[in-house]
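# Breakdown of the fold
Here is what each chain is made of, one letter per residue.
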Amino acid sequence: MARTTDFEYTFSEFCHVTRLPGDAVRELVGHGVVEPFIEQEYWYFSETQVIRCLKAERMRRDLDLDLHAVVLALELMDRNQRLSQRIHYLEQILGRLSD
C-alpha cells in the first residue's frame, strides 16, 4: 500500500479508535479487509482504513456475517463504487461530445 497523506494511526491507536483488540485487527489484516502501511516493521493505518474497518465490523455485527462474507461484500461495494465513478466520468465525456 502506498503511503498516503491521510493522518496515520499506529497499531495501538488504530485498535483504540476502532475499539478492537489487536488479535481482531490482525485477523482483518490477514483477510485483506484493511491494509496497513508497513514501515520498519511497524504498522500504520490511514483514516480510510479506519472507516473501512468500522464498516466491516458493522456488517459483522448488524448482518451477522462471517469474515469471509464481509470481505466479499466489501469487494463488491468497492467494485460498485469504481463502476459508478467510471459511469459518471463517461457520462461527462458524452455530455461534452453532444454539446
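As a reminder, the structure under discussion sits directly above these lines.
Everything in this summary refers to the structure shown in the same document. All values reported here derive from a predicted model rather than from experimental measurement.

### A word on unusual backbone geometry
Phi is positive for Gln40, close to 50°, though the residue is something other than glycine. With respect to the helices and strands, the residue Gln40 is situated in the loop between strand 2 (37-39) and strand 3 (42-46). Even without glycine at this site, Glu41 takes up a positive phi of about 70°. Within the secondary structure, Glu41 is located in the loop between strand 2 and strand 3. With relative accessibility at 77%, the residue Glu41 sits in the exposed group.

### Digging into the layout of surface pockets
Computed from the structure, the largest pocket encloses a volume of approximately 230 Å³. Lining the largest pocket we find 13 residues, and of these Thr48, Gln49, Arg52, Lys55 and Asp78 sit closest to its centre. Elements with a minimum of two residues in the lining of the largest pocket: helix 3 (47-62) and helix 4 (67-98). Sort the elements by how many residues they give to the lining of the largest pocket and helix 3 lands first, with five residues.

Calculation criteria
Residues numbered from 1 in each chain as written. Predicted model: local features only at pLDDT ≥ 70, side-chain atom pairs only at ≥ 80, totals over all residues. Heavy atoms only, no water. Helix = DSSP H or I, 4+ residues; strand = E, 2+ residues; numbered from the N terminus. Buried < 20%, exposed > 50% of the residue type's maximum accessible area, 1.4 Å probe, protein only. 1 Å grid on protein atoms, 1.4 Å probe; cavity = no way out; pocket = protein on both sides within 12 Å on 5 of 7 lines; lining within 4 Å. Points joined across faces, edges and corners; volume = space filled by probe spheres on them.

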